[in-house]
Amino acid sequence: MIQKNTGKLSFFLSSVKNVYSIFLFMGRRAKKTKIFFLLSFLPVVIAFIIKFNQIFSGRGNVRGIYIFSNLIIVFYLQFLILILALFFGTSVGSEEIEGQTLTYLTTRPIPKSAIILGKYSAYTTLVIIMMAVGVLLSFFILNLNNLGRFSLYKILVRDVVVLALGIICYTAFFTFIGTFLKKSILVGLVFSFGWENVIQYFPGSTQRFSIVHYLKSLLPVPRTGRFSFLMFRLEPSPDGLAIFMLFLITAIFLSLACFLFSYKEYILED
Amino acid sequence: MKPIIETKSLSKWYGNVLGLSDVTLQIEPGIVGILGPNGAGKSTFLKLITGQIKPNIGIVRVKGQKVRNNYHLFSIIGFCPERDFFYEEMTGWQFIISLLKLHHFSPSEIESRAQKALEIVELVEDKDRVIRSYSRGMRQRLKVAQAIAHDPEIIVLDEPLSGLDPLGRRKIIHLIKSYKGEGRTIIVSSHVLPEIEAMTKRIILIHQGKIFAQGDIHYIRDLIDTHPHIISIKCSDARMLASKFIHQDYVLKVHFSSSNDSLLIETNNRDKLFSLLPSLFIENKIEVDEITSPDDNLQAVFDYLVGK
């Protein structure tokens, strides 16, 4: 008998949950995850070298939290979360098409949008975990001498939340790109290191057309120091607006990805 | 009997390439064989009736419902794709369990169904091996297992016997035939006539994107049997052998090879010729090295039937 569950939100959510659990399991074991997990440890290595140098050179005058904040902006915000979101986000749709496994999913009694949302959620979870492990380790290494200071943990939590928001938003955008375009990685690289890196420095309202603008708006602005140029010309949006915009962008691109995946015809090539 | 699958004027193009043209048919419960040479449009037809691709023209109905984006229908449809692609890092067990999860069964039901499906295709012993390490035949059986695990009413199998050894082939044929009496609709495609013949008598012939013929296999067999066959025999005395059957009215032409050790015989009654050959070999003490049928493939038969 055909199981009819039209209009039941619980059926849809259950479909998303099932897809999520499958791809969280698969994603954990994928080669790609292992490679990117190693990449996400790069800042930990950098933090370790800095700390090692501070201890043994005796020049420990730069505060650990200052280095940590710069590491978040330079390495995580401008590079790592973009790379992780790009490779995991685009693969939500494209790995099923390129790997020709799409048939196994689309011949099941689940809405196609549940496939996209379930896979997106699973990959976003993985990327957030990868990022959080690296950030936590970097934080503890760089602030080894000040681990008793409560105020530092507030900074840590804020940074992790902002980066997580960035991953949620970027992964949604790249999920859309992956369902829409064949050469999604190339387009994603141009977007990440072209558009995002240029448009954020435009004066006035133009910078609001980048995702990184809203992420930077949620971070404190280091007006001085070696990496203050990264906040050059930032005209921050209010926190509430920034968070709203990040969720709005996420919702728009996820909806578009679900719509495209449901109605676009994917011809699996020989 | 009420048709389970109906298509009307179904046509599909891939750019300028014709995939399927103006296919109107009705499929009733039972086993139906889709037969055609490679590239004839069999896979296109199966993808259209399972809603994986959109027709350019025409409609497809499964149990009276449109199939594309009607995901509810997949609770009663099982599909085995032709292509050999998997989530390679999974084990066979994880693969079946994962796909069954998408059918919203309870955890205990998922396990029992997965176990049963793997037992049917005889993969239980290898269920904990990663798919990457499976042989071609095991991968083929795993594809069949995922198509039948949820006990579907309609089973669509695209070339399910390709890559299987004779024993594996016989088992899958036996499995498909066992479903016949259960009121299910099973659609099996192949480019090998004897494979289809072993499963069903109802066949649909597809050629160059069009339904060339459909009906009882005997009708198709009759058509095919009038096709002049070429048989090549490599033996110790080709000329003597030729002299023994040249007067038979079903032998149309005889050619000798330049080395005189083999001959090509064109006949319009292959069965009669084959029944005569053993006695000729024995009576005349002719040693046979090889008997082959160079045009014994579906493409040659189709070329003949369409009058090329």
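Values in this document were obtained by computation on a predicted structure and should not be read as measured data.

This part is about unusual backbone geometry. Residue and element names in this part refer to chain B. Phi at Ser9 takes a positive value of approximately 50°, unusual for a residue other than glycine. Looking at the element boundaries, Ser9 is found in strand S1 (residues 5-14). Here Ser9 falls in the partly exposed class, since its relative accessible area comes to 29%. Located in the positive-phi region is Lys285, a residue other than glycine, with phi close to 50°. Tracing the backbone through its elements, the reader meets Lys285 in the loop between helix H9 (270-283) and strand S14 (288-292). With a relative accessible area of 74%, Lys285 lands in the exposed category.

Position of B:Ser98 relative to the elements: it lies in helix H2 (residues 92-101). Ignoring sequence-local partners within four residues, the contact set of B:Ser98 consists of A:Ile22 and B:Met90.

The next subject is H2(B). Burial analysis of H2(B) places 9 of its 10 residues in the buried class, the great majority of the element. Within the sequence span of H2(B), burial applies to B:Gly92, B:Trp93, B:Gln94, B:Phe95, B:Ile96, B:Ile97, B:Ser98, B:Leu99 and B:Leu100. Where H2(B) is buried, its residues contact helix H1 (9-29) and helix H5 (102-106) of chain A together with helix H3 (107-120) and helix H4 (136-148) of chain B.

What follows covers helix H10 (residues 239-263) of chain A. Residue and element names in this part refer to chain A. In a regular helix each residue adds 1.5 Å, so 25 residues correspond to 36 Å; H10 covers 36 Å between its end C-alpha atoms and thus fits that length. All of the buried residues in H10 are Ala242, Met245, Leu246, Ile249, Thr250, Phe253, Leu254, Ala257, Cys258, Leu260, Phe261 and Ser262. In the core, the buried residues of H10 are packed alongside H5, helix H6 (112-142), helix H7 (150-180) and helix H9 (211-217).

Our next topic: the interface of chain B and chain A. Listed as interface residues are 37 residues of chain B and, on the opposing side, 40 residues of chain A. Between chain B and chain A the total buried area reaches about 3,600 Å² when both faces are included, carbon and sulfur atoms providing 57% of it. When the buried area of chain B at its contact with chain A is split by residue, B:Tyr71, B:Tyr87 and B:Leu102 rank highest and sum to 20% of it. Taken together, the connections running from chain B to chain A amount to 1 salt bridge. In this structure, the salt-bridge partner of A:Glu265 is B:Lys12, at a minimum N-O distance of 2.7 Å. Per element, the largest residue contribution to the side of chain B that touches chain A is 5 residues, and it comes from H2(B). Looking at the side of chain B that touches chain A residue by residue, the class counts come to 16 nonpolar, 12 polar and 9 charged.

So, on to the sheet that holds S14(B). All names here are of chain B. Here we have 4 strands laid out as an open sheet, ordered S12-S13-S11-S14, and antiparallel in their pairing. Since the sheet does not close on itself, it has two edges, and those belong to strand S12 (251-256) and S14, each with one partner. The average undirected angle you get between the axes of adjacent strands in this sheet is 20°. Taken together, the 4 bridges between strand S11 (residues 229-235) and S14 define a ladder with antiparallel strand orientation. Looking at the pairing, Lys234 lines up with Glu290 of S14. Where H9 meets the sheet, it contacts S11, S12, strand S13 (262-267) and S14, and its direction lies at approximately 15° from that of S11.

Take the pairing of S12(B) next. Remember that side chains alternate between the two faces of the sheet whenever the strand is regular. All names here are of chain B. Sheet analysis places S12 next to S13, joined by 5 bridges and oriented antiparallel. Looking at S13, one finds that His255 is bridged to Leu264. As consecutive antiparallel partners, S12 and S13 are separated by 5 residues, and within that stretch Asn260 has a phi angle of approximately 65°, a positive value.

What follows is about the sheet that holds S1(B). All names here are of chain B. Reading across from one edge, S2-S1-S4-S5 is the order of the 4 strands in this open sheet, with antiparallel pairing throughout. Since the sheet does not close on itself, it has two edges, and those belong to strand S2 (17-27) and strand S5 (65-66), each with one partner. Pairing of S1 with strand S4 (residues 57-62) involves 5 bridges; the strand directions are antiparallel. The partner of Lys8 across the bridge, within S4, is Ile59. Contacting S1, S2 and S4, helix H1 (residues 42-49) runs over the sheet at an angle of about 120° to S1.

With 93% of its residues at a pLDDT of at least 70, chain B reaches an overall mean of 89. Here helix H10 (residues 298-305) of chain B stands out as the element of chain B with the lowest mean pLDDT, 64, in contrast to H2(B), whose mean of 97 is the highest.

With that settled, consider the pattern of salt bridges. Applying the stated criterion across every chain, the model contains 15 salt bridges over all chains. B:Glu89 is paired through a salt bridge with B:Arg132; the nearest N and O atoms lie 3.0 Å apart. Here B:Glu89 is found in the loop between strand S6 (77-80) and H2, whereas its partner B:Arg132 is found in the loop between H3 and H4, with 43 residues between them in sequence. For B:Asp126, the salt bridge identified is with B:Arg129, shortest N-O distance 3.1 Å. One network of salt bridges, in which partners are shared, links A:Lys32, A:Glu95, A:Glu96 and A:Lys119.

What counts and how
Residues numbered from 1 in each chain as written. Chains lettered and ligands numbered in written order. Predicted model: local features only at pLDDT ≥ 70, side-chain atom pairs only at ≥ 80, totals over all residues. Heavy atoms only, no water. Helix = DSSP H or I, 4+ residues; strand = E, 2+ residues; numbered from the N terminus. Buried < 20%, exposed > 50% of the residue type's maximum accessible area, 1.4 Å probe, protein only. Contact = heavy atoms within 4.5 Å. Expected span 1.5 Å × (residues − 1). Buried area = accessible area lost by both parts, 1.4 Å probe. Salt bridge = Lys/Arg side-chain N within 4 Å of Asp/Glu carboxyl O. Nonpolar A, V, L, I, M, F, W, Y, C, P; charged D, E, K, R; others polar. Pairing = 2+ DSSP bridges. Axes fitted to C-alpha atoms, helices over the stretch in contact; angles between N-to-C directions. pLDDT = per-residue confidence, 0-100.

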